[in-house]
Every structure is written in structure tokens, then in C-alpha cells.
Amino acid sequence: MSQALDIERWDLEYKVNNQAHHTDLNGVDRLIVRRGQPFNISLYLGSGSYQPGVSSLDLTVETGPQPSEEWATRASFGLSTNTKANRWSAAVVSPPGEKVTLSICSPPKAPIGRYTLTLGSSGQLQFILLFNPWCPGDAVYLDDEQSLQEYVLSQDGIIFRGSYKYPVATPWNFGQFESRILDICLRILDTNPKFFNNPAKDCSKRRNPVYVSRVLSAMVNCNDDQGLLLGKWTDGYEGGVSPMFWKGSVEILRKWDTQQCQPVRYGQCWVFAAVACTISRALGIPCRVVTNYLSAHDTNRNLIIERKIDENGKLVASREMIWNYHCWVEGWMTRQDLSGSDFDGWQAFDPTPQEKSDKVYCCGPIPVRAIKEGELTFKYDAPFVFAEVNADVLTVMTKADGSTSEVTSVTLVGQNISTKSVGSDAREDITHLYKFPEGSDEERETFKKAGHQNKLLLEKENQNLHLAIKVSPDMKKGCDFDVFAVVTNNTQSNKRCRLVFGSYAVTYNGVLGGSCGFKDLLNVELSPGAARQVQLRLNYSKYGPLVTDDNLIRLGALLHEYTSDKAVLAVRNIVLENPQIEVRILGEPKENRKLAAELTLKNPLPEPLENCCFSIEGANLTGGNIISERLNSAVGPGEDAQVKIYFTPTHSGLRKLVVDFDSNRLCHVKGYKNVIIGK
């Protein structure tokens, strides 16, 4: 005859459980565990003691507003001899007595989210269940401890911006373990339209990281729902802040939460990607931010970017663009919905709203390997991502009389695909994961499979006239410098040409601004085998007021041969180098000990900087807050802007202090300092 345990109180062993489940950085004031891994709770009996084979306890776990066993969001179970790996189970792991230690285990395919555990008639307790990349049975299992530290537990990182010839490392505070962030991430799941349409089904599908990452792809932008961020790429940023303002995800997530799910203004691709990375890591999906340089935005799925220019070589605005770079994220998971296991591993998904997928602005997840191998029928959105890294560029010139002609131009998209290396701030080139080497047999086979016929027809032939753009080694913001168009005649005859060489301010997503300098040479004569170098001076007085916070200038050279009426185009984006922020840590870095960061930046501009402000943030360094210090006076040319900002670390280990400098003329310069905090 079984006898139900008389439970007087319980102890959820927050600290021990959270440490064992790698969730202790969330705090140890509540139970946060990972699926497929046992956790222990202590039961204190009001009367009697636990007797094996005699004592009994009915347990029920539930998640979501409509829990049911049909949807796997409710399970009832009793005490077993041992916990089971494939279902909810509980076993006593302490000797008989008045205190009972219960080991409870969830299946590795249980839905993630908030749970209620009912202990017979004694009461209810709450806990949070997350994905478990440490569990071999979980779809997000990652069998490498260094990678787990980087892609799940690391709260900061590097996002690469700039250009493919000059990648710029931008620090970012992901902050997935900061106060309230996990709760906000769960609220995001509960705010997605699929939850409102069918909460039982949505909560049940949270078993699958493929489903969850697709929801996140849609919810990080606000185009179809109550999502996090509003994107803005043109004009000013009234009613919000420039995307360059952000140094981390924490403030964005908290703003969305406190303003009742109204979108935070504004974001661009690296901000969307970074926030998606924060949420993924918070929920337990290994995740990293990826940058694709010269990223194609193909709107009609023909794998060709139709680029239009005028007779001066200036690009004409179009929906089909080549972004200087574009950022998305990769999540690590199995793809049981696809045939075979060859497509497990990194899956690309993109929260930046570009094109609709299933009538919603989202993209992915798609296996990175499927992109490499041209498997364009695989879920989700393979043709769009394939084009981003593989599209052809067809350049057409529109003449003054309205006629058009094709222009020879060699532009390769999908260059230097980059992410932060595991365990260091170095750049890892992962282009080989997305595409085979240019011109290889494997590349040709991939294009055949993808139906990419235009790429197969393009032959790389020696151009009779070769045009290239070369730049100075030192292109610092505030300086004057030279750039060069180099024309080479590879024929046996004299050539007479017109050379147009222009420069324009440009945003990272390819929108041209004002002219920074222009030359039009009507009579360039070249003898056989000869070369000519044409200089264009870029003066700060001209480009300074025009360049955006992206610090980008587009150089374009158009060579028109009079005899054959053929034209050659060369395009190159250059990045103006910002000054470095020098960061000195004053004091011995220890937990809960006040430190000072001395921040110094030398004004590189030939004009004073006004409204100068430094700000810092860092996971476990600044309490999840941004700390700012404003200068009282202007900083003249060549002078140092310098402040001290005080902060108190809360956890030991390697931490990244992320720094921002802003002023009226030099905006959102980023820097960072890695700091080892002692116990």
C-alpha cells in the first residue's frame, strides 16, 4: 500500500543546480535548468520518512497557457528507481529519512520556457527550462568545450564591419546573463504572432531550435509584429538614435520591455544580428554573428544583380544592391526536417528585414552547407542567402540619348565572410564554409545544381584595357589623401579613351551621397603596353561634411574607349580610419572593487570637437548599465579628450569593457579593453 509523502517545505538548490547547468550567471535566486540533464530538489517532510517501495509522490510539469499531454506541454509521472533519458522522470537519490533529495530529469526534446512543477497536493514550484548544448540528446548539442564557452557562455564579442579589404572590429556587449534579459527573451517568444494564433501549438513547437530561431528571425525586427527593432537606413534618426549609438543588446532589450513591446528606434543589420545572437545564447542555442562583405541583395531570385550606371559612372539607385557588408547569425543545431544528417551544424538565419518569407519578414534557418552545395530547395530561404554570397553582377550604362550598353566590370560578391575566432578577438575567415573556391570544378557543379547559368557563361578573359583603383596606405578621418585610377593597355595598338574618376559618400548598404571629388579626362592616350596613373585628391574639407557614421567613400572609375565604344568600370569602397581610444584601467581589478577607466582620444580633425561624451558598458562590469561622462569644454585639433569613468565589476574572469566616444563632428568611435577580474 503506497503512502503519499507529506511535504512541509522544499529547497530548489538554486546555486548547485544553476552551476551544474551553466546558468549561474543568470543569478542563483531561482531555478534555471537545461533540458535532458537532471537537477535535484530537497523535500522536507512534515511527518514520517521516505520508505522505498512504500512512499509515493505524484508530479506534474506544465508549460504554456494551455498545457496538454497531446502537445507535450504537460506530463505526469511518479517516482522511479532511476531517472529516464527520454521522458520526464524523478528518482530519490538520498537514503531514507525526513529529508528527501529528488532528482528530476526532463527529456532532451522538451519545449523550452517557464514551467510549473506540482508536487502531489503539497504545492507548486516554478523553474525555467532551456536548450542544452551540453546534452548529446539535444538538437543543439555541441561537442567542443571551447566552442560552448564562446558561442553560449561568452557575453561579449566582436562584429566585423568596414570593408572586405579593411575589416573593422567593432566590440559588442551581448549581455545574455544580465538582469532581466532571460525574462525578456521569454517574453519575446510569448509576443510572437504564432503564439497569439495558437498558444498550445506554439509552446509545443518550442521543442525545436529550428522553429525558435525562425521565430526570432521575425521578432527581432518589428515589420510584421510587436518586434524589437525598427530598421532605418535613410535620412535622419528623429524619434530615436542612430544604429551606431548601440554598444550592446542589453539596453535595446530592456527598452523594448519597459515601453510595452513598442519597437526600439533604430537598428541596422549588425544590430539586428547582435540582438538575435544575445537571445539565442540566452535560450541555449549556440550562436555567432557573421559578416558577409560585398553582400548581394537579389530581389527577383535570378541570382543576378542588375547594376545601372550613368555616363559618369555613378550608380543609379535600385532595390537590387550590393551592400558593402551585411551581418546575419548562425545557430548550431541538427536538421531532422531535412534528408540525411549532412546538413546538421551551423544554420544561417537573418533578422534584418529585407524580403518576405512565408509572408513574413524573416530569413532562415538554412544549413550553411546547403548554400555551399547549391541545395536551393532546402528550408528556409536558400535562394536568397545563396545569392548574397554568389550572385553575378551585370552592369548596364544608360546613355544621355536613353540607349543602354553593357559595361565590363569584375565584381565578386561574398568576400571574406568573417566571424570572431573561438577564444580570441581575431577574425576567422569562414568563406570556405559558404562557397567553393572561385573557378574550381566544385564551384561549377554547385552553380549547375543551383541553376546559375549566367555564372557558367561568364568567362574570365584578359581585358584589352585593364582598369584598377589603388589607394593610399593611410586614410585617416580628418586627413587629405590621394587615390588613383590605373589604366593599362594590353593591346598592340594605340588607345584613346575618356576616363571619369569620381568619389561619393556612401552608406554601408550602398546608397550614394554627395560627391567628394571628381575628374573627367576626355583625352587619355595609351601606347601598346603602356599604363597611366590618374590621381584624385580627397580633401577633408570636401568629404568631411558628406560621409556618414559608416566612414565609407565609394570610388568609381569608368573608362570609355572611343574606337570600339566599349566601357570598363572599376568600383572600390574605402573606409576612413577613426582614431584609437586608449583605455587604461586604474586600480587592481577585483570582484566588487571600484575601478576607474581612463579614456583618451586625440582629435584628428582640423576643427574643434564639441559636445564630447565617453560612455562604457560591459557584462558583469557596469551592472548592466551604460555609464557616461561628458566633457565640459571643446577639444581643439590635435588635443586629447580625456575622462575617468568609475565602475564596479561583479564577477571574476575575462571581461570586455566596451567604450564609445561621441561628439558633434566625430561620431560613435568604438573601442574596448579586455580586463581580467580577480576573485
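## Side note on the overall build of the protein
- When helices and strands are counted, the protein shows 14 helices and 39 strands.
- Taken over the C-alpha trace, the protein has a radius of gyration of 29 Å; the compact-globule value for 679 residues is 26 Å, and the two agree within 12%.
- For the protein, buried positions account for 56% of its 679 residues.
- Sequence separation of 24 or more characterises 67% of the internal contacts of the protein that already satisfy a separation of 6 or more.

## Section: the confidence of the model for the protein
- Mean pLDDT for the protein: 94, with 98% of residues reaching 70 or above.
- Ignoring residues within four places in sequence, the model shows residues 456-462, a span with pLDDT below 50, making four contacts including any to other chains.

## A word on the sheet that holds strand S21 (residues 366-367)
- Overall, antiparallel pairing links the six strands, which are arranged S21-S20-S19-S17-S24-S25 in an open sheet. One side of each edge strand has no neighbouring strand; the edge strands of this open sheet are S21 and strand S25 (427-429).
- Note: strand S20 (residues 345-349) against S21, two bridges, orientation antiparallel. Note that in S21 the partner of Gln347 across the bridge is Pro367.
- Along the sheet, helix H8 (residues 269-283) contacts strand S17 (287-297), strand S19 (321-333) and S20; its crossing angle with S19, the most-contacted strand, is approximately 5°.

## Remarks on the pattern of salt bridges
- This structure, assessed with the given rule, holds 35 salt bridges.
- Across the salt bridge formed by Arg214 and Asp358, the nearest N and O atoms sit 3.2 Å from each other. Here Asp358 lies in the loop between S20 and S21 and Arg214 lies in helix H6 (residues 209-219), a separation of 144 residues in the sequence.
- The class of Arg214 is buried, set by a relative accessible area of 7%.
- Looking at Asp358, the relative accessible area reads 63%, which means it is exposed.
- Across the pair Lys590 and Glu588 runs a salt bridge, and its minimum N-O distance is 3.6 Å.
- Overall, Lys590 belongs to the partly exposed group, its relative accessible area being 23%.
- Residues participating in the shared-partner salt-bridge network are Arg30, Arg114 and Asp183.

## Focus on unusual backbone geometry
- Here the amide bond leading from Gly364 into Pro365 is cis, since omega sits at 5°, within 30 degrees of zero.
- Between Lys379 and Tyr380 the backbone carries a cis peptide bond, its omega angle lying at -5°.
- Looking at where Tyr380 falls in the secondary structure, it is placed in the loop between helix H9 (368-372) and helix H10 (382-390).
- The phi dihedral of Asn592 is positive, around 60°, even though this residue is not glycine.
- For Asn592, a relative accessible area of 58% gives the class exposed.
- The backbone of Asn611 shows a phi angle near 55°, a positive value even though the residue is not glycine.
- Along the polypeptide, Asn611 turns up in the loop between strand S34 (595-602) and strand S35 (613-617).

## Quick look at helix H7 (residues 250-258)
- Taken as a whole, H7 has its buried residues at Val250, Ile252, Leu253, Arg254, Trp256 and Asp257.
- On its buried side, H7 packs onto strand S14 (166-173), helix H3 (181-191), strand S15 (229-231), strand S16 (264-267) and H8.
- Backbone geometry just after H7 places Gln260 at a positive phi near 55°.

## So, the packing of aromatic side chains
- For the coordinates displayed, the defined rule picks out 23 aromatic pairs.
- Centre to centre, the rings of Trp233 and Phe272 are 6.3 Å apart; their planes meet at 15°, and the pair counts as stacked. Of this pair, Trp233 sits in the loop between S15 and H7 while Phe272 is found in helix H8, placing the two residues 39 residues apart along the sequence. The pair Trp233 / Phe272 is uniform in exposure class, with both members buried.
- Three or more aromatic residues link up through ring pairs in this structure, and these residues are Trp233, Trp270, Phe272, Tyr293, Trp323, Tyr325 and Tyr508.
- When the ring centre of Trp270 is taken as reference, the NZ or CZ atom of Arg161 above it lies at 4.2 Å.
- Here the basic side chain of Lys232 rests over the ring of Tyr266, its NZ or CZ set 5.8 Å away from the ring centre.

## Here's the deal with the environment of Asp224
- Here Asp224 is to be found in the loop between H6 and S15.
- Given the relative accessible area of 30%, Asp224 is considered partly exposed.
- In this structure, the C-alpha to C-alpha distance between Asp224 and Lys356, residues 132 residues apart in sequence, is 9.9 Å.
- A polar contact of 2.7 Å, which involves the side chain of Asp224, links it to the backbone nitrogen of Tyr361.

## Quick look at the sheet that holds strand S12 (residues 123-130)
- With respect to topology, five strands assemble into an open sheet ordered S3-S12-S11-S6-S7, the strand pairing being mixed. Because the sheet does not close on itself, it has two edges, and the strands there are strand S3 (32-34) and strand S7 (74-77). Here the average twist between neighbouring strands, direction ignored, is 30°.
- Sheet topology places strand S6 (residues 59-63) next to strand S11 (residues 113-119); five bridges connect them, and they run antiparallel. By the bridge assignment, Thr60 is partnered in S11 with Thr118.

## Details of the environment of Val500
- Looking at the element boundaries, Val500 is found in strand S28 (residues 495-506).
- The contact partners of Val500, leaving out residues within four places of it in the chain, are Glu311, Asn312, Phe518, Lys519, Asp520, Gly556, Ala557 and Leu558.

Basis of the calculations
Residues numbered from 1 in each chain as written. Predicted model: local features only at pLDDT ≥ 70, side-chain atom pairs only at ≥ 80, totals over all residues. Heavy atoms only, no water. Helix = DSSP H or I, 4+ residues; strand = E, 2+ residues; numbered from the N terminus. Rg over C-alpha atoms; globule rule 2.2 N^0.38 Å. Buried < 20%, exposed > 50% of the residue type's maximum accessible area, 1.4 Å probe, protein only. Contact = heavy atoms within 4.5 Å. pLDDT = per-residue confidence, 0-100. Pairing = 2+ DSSP bridges. Axes fitted to C-alpha atoms, helices over the stretch in contact; angles between N-to-C directions. Salt bridge = Lys/Arg side-chain N within 4 Å of Asp/Glu carboxyl O. Phe/Tyr/Trp six-rings, centres within 6.5 Å; stacked < 30°, edge-to-face > 60°. Lys NZ or Arg CZ within 6 Å of the ring centre and 35° of its normal. Polar contact = N/O pair within 3.5 Å; in protein donor to acceptor, adjacent residues only side chain to side chain.

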